[in-house]
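# Examining the three-dimensional arrangement
The lines below spell out each chain.
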Amino acid sequence: FIYFKYIIVYNGAIERKRMCPKLGHIPKAGVKMESVYTVSFFGHRMVSDPLATEKTLEEIIRSPLASREYVEFLVGRDGEFDQLVASAVLRCKRTVRSDNSSLVWVMPYETADYRKNRDAYHAYYDEIEVAGEGSHYKAAFQARNRAMVDRSDLVIFCVEKQQGGAWQTMAYALRQGKSIYNISK
């Protein structure tokens with residue numbers, strides 16, 4: 001099925017829905033619907049120039065925050081690049097606009113660290129999802145990455161080497177015809 005992404009607003013409360021017209025998921029009368037623009041981020045665990053990377057990320061993040069109805073920022077939490085992305089998104093939400101976006105941590109599987117620190121993670125991220133469950137733990141990262149790419153309108157990369165999971169994900173995004181931008185080039 002082809003799913004359309006929407007935010008449904010009920011009396012000011014936001015509820016995220018993935019709707020499939022083939023299954024008859026139609027919003028009730030009087031419900032305001034806003035299109036969701038999804039941006040995902042992938043990069044190597046280590047970044048060669050973190051300050052320049054963070055500055056570039058902020059420039060990229062500001063644009064959809066200022067121009068889109070609702071922006072969903074998808075990020076992992078698997079290395080330095082992911083931490084830079086999360087920090088840049090939160091900073092831009094404070095300085096540009098905070099009422100039209102969410103920072104979503106997409107895990108490949110639920111970890112013991114997450115279970116132990118659940119409250120702290122939920123205080124930092126707007127949403128937390130698990131996307132690779134059911135896969136072998138080594139394959140779960142690739143399954144999570146592909147799921148993130150598949151639902152994204154724009155995919156931002158920080159790929160400096162032609163190897164590793166981020167590079168494989170970039171090749172997948174290109175094969176899927178996604179709009180991509182590699183900030184390392």
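Just so we're clear, the structure is a prediction, and the values are computed from it rather than from any experiment.

### Re helix 2 (residues 80–95)
Helical geometry note: an α-helix holds 3.6 residues per turn, so side chains three or four residues apart project in the same direction. End to end, helix 2 covers 23 Å across 16 residues, agreeing with the expected 22 Å (1.5 Å per residue, within 8%). Buried residues of helix 2: Phe81, Asp82, Leu84, Val85, Ala86, Ala88, Val89, Leu90, Cys92 and Lys93, and no others.

### Some points on the pairing of strand 4 (residues 70–75)
Strand 4 sits mainly inside the fold: 6 of its 6 residues count as buried. What you see with strand 4 is no split at all: Tyr70, Glu72 and Leu74 on one side and Val71, Phe73 and Val75 on the other are buried throughout. Where strand 4 lies against strand 5 (residues 101–107), 5 bridges are found, and the strand directions are parallel. Each bridged residue has a counterpart across the sheet, and for Glu72 the counterpart in strand 5 is Ser102. Once you follow strand 4 into helix 2 and on to strand 5, the crossover reads as right-handed.

### With respect to the confidence of the model for the protein chain
Mean pLDDT over the protein chain: 84, with 82% of residues reaching 70 or higher. Note on residues 1–15: pLDDT is under 50 here. Beyond four places in sequence and across chains, it has 48 contacts. In this model residues 17–33 is a low-confidence stretch, pLDDT under 50, and it forms 35 contacts with partners more than four residues away in sequence or in other chains.

### Section: the packing of aromatic side chains
Throughout the structure, instances matching the rule amount to 8 aromatic pairs. With a centroid separation of 5.8 Å and an interplanar angle of 85°, the aromatic rings of Tyr109 and Phe141 are classed as edge-to-face. Here Tyr109 is found in the loop between strand 5 and helix 3 (112–116), whereas its partner Phe141 is found in helix 5 (residues 137–150), with 32 residues between them in sequence. These aromatic residues form a ring-pair network of at least three members: Trp105, Tyr114, Tyr121, Tyr124 and Tyr125. Above the face of the Tyr37 ring, Arg68 is positioned so that its terminal group lies 3.8 Å from the ring centre. Taking NZ or CZ as reference, Arg77 lies 5.9 Å from the ring centre of Trp105, over its face.

### A closer look at the side chain of Glu58
Structurally, the position occupied by Glu58 is in helix 1 (residues 50–67). Given a relative accessible area of 14%, Glu58 falls into the buried group. One polar contact links Glu58 to Arg91, side chain to side chain, over a distance of 2.5 Å. Setting aside residues up to four positions removed in sequence, Glu58 forms contacts with Ala88, Arg91 and Cys92.

Calculation rules
Residues numbered from 1 in each chain as written. Predicted model: local features only at pLDDT ≥ 70, side-chain atom pairs only at ≥ 80, totals over all residues. Heavy atoms only, no water. Helix = DSSP H or I, 4+ residues; strand = E, 2+ residues; numbered from the N terminus. Expected span 1.5 Å × (residues − 1). Buried < 20%, exposed > 50% of the residue type's maximum accessible area, 1.4 Å probe, protein only. Pairing = 2+ DSSP bridges. Right-handed = clockwise from strand over helix to strand, strands pointing away. pLDDT = per-residue confidence, 0-100. Contact = heavy atoms within 4.5 Å. Phe/Tyr/Trp six-rings, centres within 6.5 Å; stacked < 30°, edge-to-face > 60°. Lys NZ or Arg CZ within 6 Å of the ring centre and 35° of its normal. Polar contact = N/O pair within 3.5 Å; in protein donor to acceptor, adjacent residues only side chain to side chain.

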